[in-house]
Amino acid sequence: MTVVGRDAAAIRAARQAAEPDADLVELRLDAMLRPDPDAALAGRIKPAIVTCRPLREGGMFDGSEDERLGILHRAHELGAEFIDVEWDADVDPLIRARGGRGVIVSRHDFSGTPHDVRGILARLRGKGGEIAKLAVTTERPSELHALLDAANGDGSSIVIGMGAAGLATRVLADRFGSRWTYAGPAIAPGQITAARLQHEFRFRRIRRDAAVYMVIGRPVTGSLSPAMHNAGFAALGLNAAYVPLDTRDLEGLREFGGAIGLRGASVTIPYKRDVMPLLDDVAPAAAAAGAVNTIAVRDGGAARPGQAKWVGSNTDADGFLEPLRARVPTLRGLRTVILGAGGAARGVGLALRREGASVAIAARRPEAAATVAGAIGAASLDWPPPSGSWDVLVNATPVGSRGVPGTPYTGPFDGTLVYDLVYDPDPTELMAAAAAGGCTVIGGLAMLVAQAERQFEIWTGQRPPAGLFEDAVASAIKARST
Ligand code: NAP
């Protein structure tokens, strides 16, 4: 666990707070106003890594190199278990003094993922330290693939993909061949807290041979899906892990997926359509909607012996309908109005049409409403919809979410049910007003959970325990807002 502090008292307090949960504590002396190894190391109860990263390697130390190496030597004299020293520094004296033991020779490349990751790691190892650590900026699956093949898993290397796309290298550290992972206060790009690593990703139960699942999109680092699916894997005792792949594009996705043992993925904005050419099969409903939100990786069978088969489907429609069906005996003939004309409006509109409901689209841009309505055989309606125009009102705009506060509709609430696809906050302003106006209300969390439960079932053949995904999402939202 990485800790920082501006002065002796602060770094010691941060270290003491980290020690109960950490296997190792990395003391980032470069974040101190006056780096002080004596103060940082005194009284520790867990082994420590001492790091004093210079500006040139992305750290905060701006003093002279002699001063910096002096600080690291002092840490050595004090018995620091590990000392991190940069590849381009004068590392030989420290390596000689320790016989290489506990020396981490590190290199950071913020410009991207170099071609020769393996060669660079080998050269870092060649310096004679105990561990070679390479951290590079990653943006896409092909670059993660380069990191996956580079570390040899014998405890002599650590590879980190910096940035949002590299989160898998931190969560699946063992699978990437790394000796350990770093968690902490985001001092490095893409670093997550130890609490999130343990509670949402259940890091301690992830084995090297775990079946891997991902949510592919951008942005997805804040996705609530890992909290749900990882809770499901833990509850059913499955050797599996679910991580975000926040990627700039889909380059190398099939190859990386094959190499890491991908068994399934959720797909979200903006790749629900782009992913389709990479699949071997797409379920008819997903093809009709023009959007895949679920990939299941199956054995190729007789047709493709030894080869994986990637099958796309879409659980959004069923995820939307399930909570609705639980409250409304039949949708046939109901007058539904959808606010918004984006991807969700289109998917939800199609699902409602299939159920025999009458559907009208209302959007702030009438031409957008007309286009979506035309595409799915619905009507278009004024914005905001006039009174008496709906039995069921669906909000498929982001209005009411934390990013876009407010409400897309102020009433009258003269229909029977309001369904807000926004899931955070819960309730939204619209949900509260609709409930006060006497309507039955469904929130976006119900859909989020229902579509995830279906995905889980597609992948594992089992339903997650009832209520588990709701609880996982609620605690993830709570953890983020505190
Ligand atoms: P999208 O494709 O970007 O479409 C958003 C729609 O909302 C567009 O028609 C947009 O109009 C309209 N809009 C945006 N800001 C608006 C404002 N201030 N006033 C009025 N209209 C506004 O997004 P999406 O994928 O359809 O998602 C829509 C919402 O549904 C998001 O909040 C998403 O999180 C939520 N959602 C939830 C679930 C779930 O499981 N609960 C699933 C899917 C989606 P313009 O084109 O004029 O900008």
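Computed from a prediction, not measured in an experiment: that's the story for all the values here. (Residues numbered from 1 in each chain as written. Predicted model: local features only at pLDDT ≥ 70, side-chain atom pairs only at ≥ 80, totals over all residues. Heavy atoms only, no water.)

Participant: Could you clarify how one ought to interpret the sheet that holds strand E15 (residues 358–362) in this entry?
Facilitator: As a general point, the strands of a sheet are linked pairwise by backbone hydrogen bonds and lie either parallel or antiparallel. The strand order across the open sheet formed by 6 strands is E16-E15-E14-E17-E18-E19, and the pairing between neighbours is parallel. Single-partner strands in this sheet number two, and they are strand E16 (379–381) and strand E19 (440–442). Across this sheet, the average inter-strand angle for adjacent strands is 25°, counted without regard to direction. The pairing of strand E14 (residues 335–339) with strand E17 (residues 392–395) spans 4 bridges and is parallel. (Pairing = 2+ DSSP bridges. Helix = DSSP H or I, 4+ residues; strand = E, 2+ residues; numbered from the N terminus. Axes fitted to C-alpha atoms, helices over the stretch in contact; angles between N-to-C directions.)

Participant: Would you explain the packing of aromatic side chains in this entry?
Facilitator: Where two aromatic rings form a pair, the distance of their centres and the angle of their planes describe that pair. Scanning the entire structure with this criterion turns up 11 aromatic pairs. A centroid spacing of 5.0 Å and a plane angle of 40° characterise the contact between Tyr 213 and Trp 459, whose relative ring orientation is tilted. Of this pair, Tyr 213 sits in strand E8 (residues 211–217) while Trp 459 sits in helix H16 (residues 444–460); the two residues are 246 residues apart in sequence, bridging distant segments of the chain. Across this residue pair, the class does not change: Tyr 213 and Trp 459 are buried. Here Tyr 409 and Phe 413 contribute two aromatic rings whose centre-to-centre distance is 5.5 Å and whose plane-to-plane angle is 85°, an arrangement assigned as edge-to-face. The exposure classification of Tyr 409 matches that of Phe 413, with both residues buried. Put simply, the rings of Tyr 213, Phe 233, Tyr 242, Phe 456, Trp 459 and Phe 469 pair up and form one aromatic cluster. Positioned over the ring face of Trp 87 is Arg 107, at 3.8 Å from the centre of the ring. The ring of Tyr 182 carries Lys 133 above its face, with NZ or CZ at 4.1 Å from the centroid. (Phe/Tyr/Trp six-rings, centres within 6.5 Å; stacked < 30°, edge-to-face > 60°. Buried < 20%, exposed > 50% of the residue type's maximum accessible area, 1.4 Å probe, protein only. Lys NZ or Arg CZ within 6 Å of the ring centre and 35° of its normal.)

Participant: I tried to follow the environment of Asn 293 on my own but got confused; where do I start?
Facilitator: Along the chain, Asn 293 falls in the loop between helix H11 (284–289) and strand E12 (294–299). Among the residues examined, Asn 293 registers a relative accessible area of 3% and is labelled buried. When the C-alpha positions of Asn 293 and Gly 237 are compared, they lie 25 Å apart, and in sequence the two are 56 residues distant.

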